[in-house]
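# Structure at a glance
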Amino acid sequence: MTKVQVPVIKTEGLTKQFGSFTAVDHVSFEVRRGEVVGYLGPNGSGKTTTIRMLCGLLHPSSGHAQVNGLDIVRDSEAIKRQIGYMSQKFALYDDLTVIENLSFYAGVYEIPRATEKQQIDRILNMAGLTARTKSIASELSGGWRQRLALGCALVHNPTLLFLDEPTSGVDPVARREFWDLIYTLAHEGTTIFVTTHYMDEAEHCGRVGFMNNGSLMAFDTPRELKAHFLHGAAWAIEATPLLEAVDILSHLPGVAQASMHGDLAQVILVDNTVEVKTLTQGLETRGIAVGKSTLVEATLEDVFVLLAHKR
Ligand SMILES: Nc1ncnc2c1ncn2[C@@H]1O[C@H](COP(=O)(O)OP(=O)(O)OP(=O)(O)O)[C@@H](O)[C@H]1O
Ligand SMILES: [Mg+2]
């Protein structure tokens, strides 16, 4: 008999209103143990607000959610001990050293004195910070600060980790190294819930949720999202003059976005019922010379554009 696993996160109609404004609107999803879930969406779409509710920092206006089987309102204190949260504007103590910051968080999480050193050494190792224990936090580069912030969020061995734009503003090499750490954690069984605006990072998540105006528009694997939303809905069109063609295309009905891709115009259509012939005819009647149209392999960024368009 297979054991039914309690989802690590389960939300049902989770909603948050600030006055008359709905920041998170009836959001429902489940996350299983060991998943790496990306939570995407335009600025202000409700990602951080969702995370703050799941961390027990903000009460929902309506709906429910459980984290590790615990209710986010009733059991928020117990939840805080089981999760790690690296907030969007993570707080490090700038005038403290690396090791002092970790030690501070060990205190916050009430790590027993007897195991604190061992625990901190483990984090220093994992984050590659062993050579920097005495560096002052304010003097670390962006990438190292991010690693230290991750270390602080992990000091109490959480089974679930919320990362809110952990890599914003760090260079591509540091981002990749940071993601190697995330995969290692996930491989060891930690569940990761991460927001990002980087599509290359989203492509590497097991599943991805898309938020828009507080609503969860989709929640699936990157492959399924592309297949479902973009089947036959992205085209590259040869057109001259190109700039004018892109401008015309972006105003044609059925076009979610038109942009320049090298020397081609790329269009994302709202769905695959829109015929590319209608678009090329639309261009020709406006005096644009049109060449070949090719169906292109869509990216997660295209899905993002499409879903953000469906306001
Ligand atoms: N405490 C608050 N009081 C009033 N409005 C708030 C509060 N917190 C968030 N909001 C609003 O709720 C909406 C969602 O904010 P949220 O921070 O969740 O967005 P986000 O998806 O995390 O955006 P970003 O990508 O910019 O981080 C925004 O319009 C924001 O201004
Ligand atoms: Mg945010």
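Below or above, wherever it landed, is the structure these notes cover. It should be emphasised that the depicted structure is a prediction, and the values quoted were computed from it without experimental measurement.

Turning our attention to the coordination of the magnesium ion (ligand 2). The protein atoms donating to the magnesium ion (ligand 2) are Thr48 (OG1) and Gln88 (OE1), with metal-donor distances spanning 2.0 to 2.3 Å. You can see threonine 48 sitting in helix α1 (residues 47–54) and its partner glutamine 88 sitting in the loop between β6 (83–86) and α3 (98–108), a full 40 residues away along the chain. Threonine 48 sits in the partly exposed class, given a relative accessible area of 24%.

Taken residue by residue, helix α9 (residues 242–251) has Leu242, Ala245, Val246, Ile248 and Leu249 as its buried positions. All buried residues of α9 project into a common sector of 165° when viewed along the axis, lining one side. Every exposed residue of α9 that faces more than 90 degrees away from the buried side is listed here: Leu243 and His251. Packed against the buried residues of α9 are β11 (234–240), β12 (255–261), β13 (264–269) and α10 (276–284).

The next point concerns the sheet that holds strand β14 (residues 289–295). The sheet built from 4 strands is open, its strands ordered β12-β13-β11-β14 with antiparallel pairing. Of all strands in the sheet, those bounded by a partner on one side alone are β12 and β14. For this sheet, the mean inter-axis angle between neighbouring strands, taken without regard to orientation, is 25°. Pairing analysis gives 5 bridges linking β11 to β14, with the strands arranged antiparallel. Within the sheet, the bridge partner assigned to tryptophan 235 lies in β14 and is leucine 295. Strands in contact with α9 are β11, β12 and β13; relative to β12, the strand with the most contacts, it is inclined by about 170°.

Another point: the packing of helix α8 (residues 222–230) against helix α11 (residues 300–309). Where α8 contacts α11, the axes come no closer than 9 Å and their chain directions differ by 55°. As the angle between them shows, α8 and α11 are arranged oblique. In the crossing of α8 with α11, the sense of the turn from one axis to the other is left-handed. Here α8 contributes Pro222, Leu225, Lys226, Phe229 and Leu230 to the contact with α11, which in turn contributes Leu300, Asp302, Val303, Leu306 and Leu307.

Our next topic: the packing of α3 against helix α5 (residues 142–154). What describes two packed helices is the angle between their axes and the distance between those same axes. With their axes 8 Å apart at the nearest point, α3 and α5 run at an angle of 25° to one another. Judged by the angle between their axes, α3 and α5 are roughly parallel. Considering only the axes of α3 and α5, their crossing is right-handed. Where α3 abuts α5, its residues Val98, Asn101, Leu102 and Tyr105 lie against Leu148, Gly151 and Cys152. For the contact of α3 with α5, a count of residues per class yields 5 nonpolar, 2 polar and no charged.

This paragraph deals with the packing of aromatic side chains. Enumeration over the complete set of coordinates arrives at 9 aromatic pairs. Pairing phenylalanine 162 with phenylalanine 193 gives two aromatic rings, centres 5.6 Å apart and planes at 65°, and the pair type is edge-to-face. In this pair, phenylalanine 162 sits in strand β7 (residues 160–164) while phenylalanine 193 sits in strand β8 (residues 191–195), placing the two residues 31 residues apart along the sequence. You can call phenylalanine 162 buried: its relative accessible area is 0%. With relative accessibility at 0%, the residue phenylalanine 193 sits in the buried group. Among the aromatic residues, those joined into a cluster by ring pairs are Phe29, Tyr39, Phe162, Phe193 and Phe219. Cation over ring: arginine 175 sits above tyrosine 198, and NZ or CZ is 3.7 Å from the ring centre.

If you walk through the whole model with that rule in mind, you get 12 salt bridges. Notably, a salt bridge pairs arginine 175 with aspartate 200, separated by 3.2 Å at the nearest N-O pair. Here the residue arginine 175 occupies a position in helix α6 (residues 172–187), and aspartate 200 occupies one in helix α7 (residues 199–203), the gap between them amounting to 25 residues. Overall, arginine 175 belongs to the buried group, its relative accessible area being 11%. Residue aspartate 200 is classed as partly exposed on the basis of its relative accessible area, which comes to 37%.

Procedures and definitions
Residues numbered from 1 in each chain as written. Chains lettered and ligands numbered in written order. Predicted model: local features only at pLDDT ≥ 70, side-chain atom pairs only at ≥ 80, totals over all residues. Heavy atoms only, no water. Donors = N, O, S within 2.8 Å, 3.2 Å for Na, K, Ca; no water. Helix = DSSP H or I, 4+ residues; strand = E, 2+ residues; numbered from the N terminus. Buried < 20%, exposed > 50% of the residue type's maximum accessible area, 1.4 Å probe, protein only. Arc of directions from axis to C-beta. Contact = heavy atoms within 4.5 Å. Pairing = 2+ DSSP bridges. Axes fitted to C-alpha atoms, helices over the stretch in contact; angles between N-to-C directions. Parallel < 35°, antiparallel > 145°, perpendicular 65-115°, else oblique. Left-handed = near helix turned anticlockwise from the far one by under 90°. Nonpolar A, V, L, I, M, F, W, Y, C, P; charged D, E, K, R; others polar. Phe/Tyr/Trp six-rings, centres within 6.5 Å; stacked < 30°, edge-to-face > 60°. Lys NZ or Arg CZ within 6 Å of the ring centre and 35° of its normal. Salt bridge = Lys/Arg side-chain N within 4 Å of Asp/Glu carboxyl O.

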